[in-house]
Amino acid sequence: MGRARGQRSRDKNKANLPQVPKNMKSDGLDIEYAQELADLQDREAIARSNAAYSRVKAREKRK
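A brief report on the enclosed structure follows. (Residues numbered from 1 in each chain as written. Predicted model: local features only at pLDDT ≥ 70, side-chain atom pairs only at ≥ 80, totals over all residues. Heavy atoms only, no water.)

1. Overview of the overall build of the chain
Phase 1: If you tally the helices and strands in the chain, you get 2 helices and 0 strands.
Phase 2: By the burial criterion, 2% of the 63 residues in the chain qualify as buried.
Phase 3: As displayed, the chain offers around 6700 Å² of accessible surface, 53% of which is attributable to carbon and sulfur atoms. (Helix = DSSP H or I, 4+ residues; strand = E, 2+ residues; numbered from the N terminus. Buried < 20%, exposed > 50% of the residue type's maximum accessible area, 1.4 Å probe, protein only. Areas by Shrake-Rupley, 256 points an atom, 1.4 Å probe, with all protein chains shown as cover.)

Written as structure tokens, this is what we have:
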């Protein structure tokens, strides 16, 4: 009987946890980029990033 009271108080704590507003969440793609300021390493990094992204998308389609 005493156990139920302990569970109830534990479960009440979950309702009081803070939530992150949708406008504060990020998708991770908030990078500014200027083509005219990019050097060779920047362009190579962008090409590798795009290639990796396309590999991930192709893998997701196969599943």
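2. Re a positive patch on the surface
Phase 1: The grouping of Arg-55, Arg-59, Arg-62 and Lys-63 at the surface amounts to a positive patch.
Phase 2: With respect to the element layout, Arg-62 can be found in helix α2 (residues 40-62). (Patch = residues over 30% accessible without salt bridge, like charges linked within 9 Å, V, L, I, M, F, W, Y side chains within 5 Å. Salt bridge = Lys/Arg side-chain N within 4 Å of Asp/Glu carboxyl O. Lys, Arg positive; Asp, Glu negative; His and termini not counted. Charge placed at Lys NZ, Arg CZ, Asp CG, Glu CD.)

3. What about the pattern of salt bridges?
Phase 1: Per the stated rule, a full pass over the model turns up 1 salt bridge.
Phase 2: We note a salt bridge from Glu-60 to Lys-57, for which the minimum N-O separation is 3.5 Å. Linking Glu-60 with Lys-57, this pair stays in helix α2, spanning 3 residues, or about one helical turn.
Phase 3: Owing to a relative accessible area of 37%, Lys-57 belongs among the partly exposed residues under this scheme.

Everything listed here is a matter of geometry and, on its own, says nothing about what the molecule does.
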